[in-house]
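Descriptive structure summary
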Amino acid sequence: MSGCKPSKAPVAGVSSKKIKIAVDPVTRIEGHLKVEVEVKDGKVVEAKCVGGMYRGFENILVGRDPRDASQLTQRICGVCPTAHATASVLALDDAFGVKVPTNGRIARNLILGANYLQSHILHFYHLAALDYVKGPDAAPFIPRYDNPDLLTDRIKDAKKAAAVNQYGLDQYLKALEIRRICHEMVALLGGRMPHVQGMVAGGTTEAPSKEKIAKYYARFKEVIAFVKDEYLPLIYTLGTVYPDLFETGAGYKNCVSWGVFPLSDTDPLDLLLKRGAYIDGKDVEVDPAKIKEYVGHSWFNQSKSGLNFAEGETVPNVDKAGAYSFIKSPRYADKACEAGPLARMWVTNPELSEVGQKMLKEKYGINAKKVRDLGDKAFSIMGRHVARAEETLYVANAIAGWLKQIVPGESTYMEYEVPESGEGLGMTEAPRGALLHYVDVKDQKISNYQIISATIWNANPMDDMGQRGPIEECLVGIPVPDPKNPVNVGRLIRAFDP
Amino acid sequence: MGLNRREFVKLCSGTVAGLGISQVFNPKVIQAMEEGAKKAPVIWLQGQGCTGCSVSLLNSVHPKIKDVLLKVISLEYHPTVMASEGDMALEHMYEVAEKFQGKFFLLIEGAIPTKADGRYCVVGEKDGHEITMKDLALELGKKSLATVAVGTCAAYGGIPAGEGNLTGATGVKDFFAANGLADKLVVNVPGCPPHPDWMIGTLLAAWQYALGKGPLPELDSDGRPTLFFGENIHENCPFLDKFDNDELADTFMDKDKCRYQIGCKGPNAYADCYKRRWNGGVNWCIENAVCIGCVEPGFPDDMSPFYEEG
Ligand code: SF4
Ligand code: SF4
């Protein structure tokens, strides 16, 4: 792909009149989402994100045995069940006052870590890539936009375009296998995927045998090679064909990361990906009391908008005036913040991969050692894909370390009694962003359970103060030269992996 | 394709030594499937679900998922994998439903909320009006050759229909029956999520039926193919003799005993997990922890608490 000359997206029908476009359904995401944008002079000037589905896990959980929560809440998302399981067991550990043994902490990291690899690979190749790569001329790859702005449209040399596209397509198919292998890694320690049985309060259910660790490792080697040799180079190369997408979709540039992958048994904040927030250009420490959920434009009743999760209420009301989404608007210190790989990598600011450093220099002339050296380019459609790919390798490298630390056959689980009452908070990171579970136990039953998931941070509607949600804000300003083919709208949304 | 029902059953259910529906998918069969797919495409809708069934389908080993997508089924509409979006995707779906009226398979993942006029799940927008899962499932259900309810949510309501739910979530068969489609053929492939073999194996049987080359798959009283859901897990469990001898584990860490006391619902669950296993055969729920009976109509309420005996 290298050396090809990028061309501009095909331009048709730029209008100075305001044109409303609704994309519903937004596809290649998990769940139901609609987006409504107003386009003027070829750019988005107003945007609304509409979450169209409500199940009500919070209400279904009330009155149940708290230990069931880790099983039930996993079923919120089939792409990232292990993350919900993790948030849930952290909340339960906290409520029950149980301390997970070292081997259990590492086993949990290996379970969640393997699904990070799965989820990021699935996201880029099978959800996002069809915005760039042209699939075969058969269902489910057709129909597609008339002006899809794919690689084959951008690269002028037809032969080269075809070759590059074929490479992308081969990768799409290979990635199907790789992500399946990642699921096998999760299953080896967690029972089966999607939805692991093995993640429980107190640790995990299986002290992995030598044999299982060896099987995990054999698969891991294949996956990390794919990430290093194919996924990362592909992302950076893609950026050379779409340099404009490094300049598109900045948004608020506010980030939250609760942090994930505990590295120590004693210090809960010693995490591989750090806990922190980045607000108005400054790093700040996270204080859970500053998390509030607004419902002014959400189909929910609340005694009061702007409640902290510990006072959380989830009462749907589809007839509420002025509301347009089943998603609440969580705010950190009253700011709309994005969550996800970019937020985590920005907060943690680790060194970029060797591939990344080299390619940034060669192809873009950027001398970058760390994530933040990308500067404003990070807050863009392409920047979010880069952050995700870099994070995939970062987590994979950590997995290599945990594999050396885990002790075959040694207990991963601590016995405990479910107390009469207790309160627990589980803060972690799903592959797609900050995830929080809160549980209140009374009479050994759940009396309140509240969940603030990643997509809630990113895809929320306007809050009571009139601030748009992060994806809405990112959408404003993105180029839509041809309203009949609003390619960049979907690209922007999918860069978040909602 | 010259595969009679007996052979088909044998190949699908396999033996403990050589599992899976893999053998069915020799090149000849794939060719026949391609033919079938052209005649009977698939429209896959998602209601109140987590996409876990779709993700599980991607884990298919035999046949490889790329063959499933490129050769075996013609997946004309699937919100998580199709390239198109918005109007274009919906228009295509309506066109296919029209063109293949009475011939296409409708696959539904997720429960259908019936309260508030179905507004708890909106799946698209047409001419400025929202399309609810409730209305779309009915419209396409009517036109389809048969409907496959994929996963426990679609089959029986699952978690969205659990106690405490406010949305009137329901499974496809009950929903159809309450809306004048009681006669429509609905095949349930439960599981939270279902094993990829169960989904693809059932579709394969459905193709055979659609092509006039096989009978309707045999269904149990809960509408599940007996091929995959005909046997009780406990009766076939590798720990059955431990159970019979009262050797019961009292902690997850005790891997040599039966898991009944720590919550295993195998005695109440009917599926072939005990021999098929999961994720390329690397593990399964009971080897790891316990069975929570995810394939049963009473899941989750009747299986809960998951980690208590009973
Ligand atoms: S582990 Fe479960 S299925 Fe197996 S014998 Fe015990 S109770 Fe039955
Ligand atoms: S073993 Fe039980 S919980 Fe696991 S998939 Fe089978 S039926 Fe579901």
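These figures come from a predicted structure and were not determined experimentally.

1. Some words on helix α7 (residues 210-241) of chain A
- Under the 1.5 Å per step criterion, the end-to-end length of α7 of chain A is 46 Å for 32 residues, consistent within 8% with the ideal 46 Å.
- The sharpest bend along α7 of chain A comes to roughly 40 degrees, located at V227 of chain A.

2. A word on the nonpolar core
- Of all hydrophobic cores here, the largest spans 217 residues; its most connected members are I121, Y216, W258, Y332, W457 and L475 of chain A.
- Residue contributions to this core peak at 15 residues, all from helix α6 (residues 158-190) of chain A.
- Leave out the neighbours within four places in its chain, and L475 of chain A touches V35, V37, V44, A47, V489 and L492 of chain A.
- By size, the runner-up hydrophobic cluster in this structure holds 33 residues, among which are L45, V123, A137 and A155 of chain B.

3. A short note on the UniProt feature "binding site: [3Fe-4S] cluster" (unreviewed entry) in chain B
- Per the UniProt record, "binding site: [3Fe-4S] cluster" (unreviewed entry) is annotated on C273, C291 and C294 of chain B. Spatially, the listed residues are clustered: although they cover 22 residues, their C-alpha atoms lie within 11.0 Å of one another.
- Those residues in contact with C273 of chain B, other than ones at most four positions away along the chain, are W198, I233, W278 and W284 of chain B.
- Among the structural elements, C294 of chain B can be located in the segment after α13 (285-288).
- Looking at C294 of chain B, the relative accessible area reads 8%, which means it is buried.
- With sequence-adjacent residues up to four places away left out, C294 of chain B is seen in contact with R192 of chain A together with T152, G191, C192 and F299 of chain B.

4. Some thoughts on the UniProt feature "binding site: Ni(2+)" (unreviewed entry) in chain A
Residue and element names in this part refer to chain A.
- UniProt's entry tags C77 and C80 with the feature "binding site: Ni(2+)" (unreviewed entry), counted in the numbering of this structure. Those annotated residues from the list above that line the largest cavity are C77 and C80.
- Here C77 shows up in the loop between α2 (69-74) and α3 (81-96).
- Looking at the element boundaries, C80 is found in the loop between α2 and α3.
- When neighbours within four sequence positions are excluded, C80 is seen to be in contact with N115, A430, P431 and R432.

5. Observations regarding the interface of chain B and chain A
- Listed as interface residues are 78 residues of chain B and, on the opposing side, 80 residues of chain A.
- The interface formed by chain B and chain A includes six salt bridges.
- Taking the shortest distance from any N to any O, the salt bridge between R67 of chain A and E308 of chain B comes out at 2.6 Å.
- Inspection of the region where chain B meets chain A yields 43 residue pairs in polar contact (both at pLDDT 80 or more).
- Broken down by secondary-structure element, the contributors of at least two residues to the side of chain B that touches chain A are α3 (52-58), α4 (65-72), β2 (75-77), α5 (86-99), β5 (122-126) and α13 of chain B.
- In terms of residue count, the dominant contributor to the side of chain B that touches chain A is α5 of chain B (five residues).
- Grouping the constituent residues of the side of chain B that touches chain A by class yields 40 nonpolar, 25 polar and 13 charged.

6. Remarks on the site of ligand 1
- All residues in the neighbourhood of ligand 1 are listed as H234, C237, F239, L240, F243, C258, R259, Y260, C264, G266, P267 and I286 of chain B.
- For the shell around ligand 1, the residue count by class is nine nonpolar, two polar and one charged.

7. A short note on the site of ligand 2
- Around ligand 2, the neighbouring residues are R192 and Q197 of chain A together with I233, C273, W278, W284, C285, C291, I292, G293, C294 and V295 of chain B.
- Looking at the shell around ligand 2, its residues break down into nine nonpolar, two polar and one charged.

8. Some details on unusual backbone geometry
- A cis geometry characterises the amide bond from I142 of chain A onward to P143 of chain A, with omega recorded as -5 degrees.
- On the secondary structure map, P143 of chain A appears in the loop between α4 (102-128) and α5 (151-154).
- P305 of chain B follows S304 of chain B through a cis peptide bond whose omega is 0 degrees.
- Tracing the sequence through the fold places P305 of chain B in the segment after α13.
- Of note, the phi angle at A333 of chain A is positive, near 50 degrees, even though the residue is not glycine.
- Relative to the helices and strands, A333 of chain A is located in the loop between β14 (329-332) and α8 (341-348).
- A333 of chain A sits in the partly exposed class, given a relative accessible area of 39%.

9. Regarding the domain arrangement of chain B
Residue and element names in this part refer to chain B.
- Domain annotation of chain B identifies domain 1 (18-211) and domain 2 (234-303).
- A straight line from the C-alpha centre of domain 1 to that of domain 2 covers 29 Å.
- Between domain 1 and domain 2, the residue contacts involve 20 residues of the former and 16 residues of the latter.
- With both sides pooled, the region where domain 1 packs onto domain 2 buries about 1,300 Å², and carbon together with sulfur makes up 66% of that total.
- Our count for the domain 1 to domain 2 interface comes out at one salt bridge.
- Between R276 and D197 there is a salt bridge, with its nearest N and O atoms 2.9 Å apart.
- Where domain 1 touches domain 2, the interface holds five residue pairs in polar contact (both at pLDDT 80 or more).
- Among the secondary structure elements, those contributing two or more residues to the side of domain 1 that touches domain 2 are α7 (151-156) and α9 (196-210).
- Of the residues contributing to the side of domain 1 that touches domain 2, the split by class is ten nonpolar, eight polar and two charged.

Each value, and the rule that gives it
- Residues numbered from 1 in each chain as written.
- Chains lettered and ligands numbered in written order.
- Predicted model: local features only at pLDDT ≥ 70, side-chain atom pairs only at ≥ 80, totals over all residues.
- Heavy atoms only, no water.
- Helix = DSSP H or I, 4+ residues; strand = E, 2+ residues; numbered from the N terminus.
- Expected span 1.5 Å × (residues − 1).
- Bend = angle between axes of the 7 residues up to and from the residue.
- Core = buried A, V, L, I, M, F, W, Y, C linked by side-chain atoms within 4.5 Å.
- Buried < 20%, exposed > 50% of the residue type's maximum accessible area, 1.4 Å probe, protein only.
- Contact = heavy atoms within 4.5 Å.
- UniProt positions renumbered as here; feature names shortened; annotations may be inferred.
- 1 Å grid on protein atoms, 1.4 Å probe; cavity = no way out; pocket = protein on both sides within 12 Å on 5 of 7 lines; lining within 4 Å.
- Salt bridge = Lys/Arg side-chain N within 4 Å of Asp/Glu carboxyl O.
- Polar contact = N/O pair within 3.5 Å; in protein donor to acceptor, adjacent residues only side chain to side chain.
- Nonpolar A, V, L, I, M, F, W, Y, C, P; charged D, E, K, R; others polar.
- Near = heavy atom within 4 Å.
- Domains from an automatic or database assignment.
- Buried area = accessible area lost by both parts, 1.4 Å probe.

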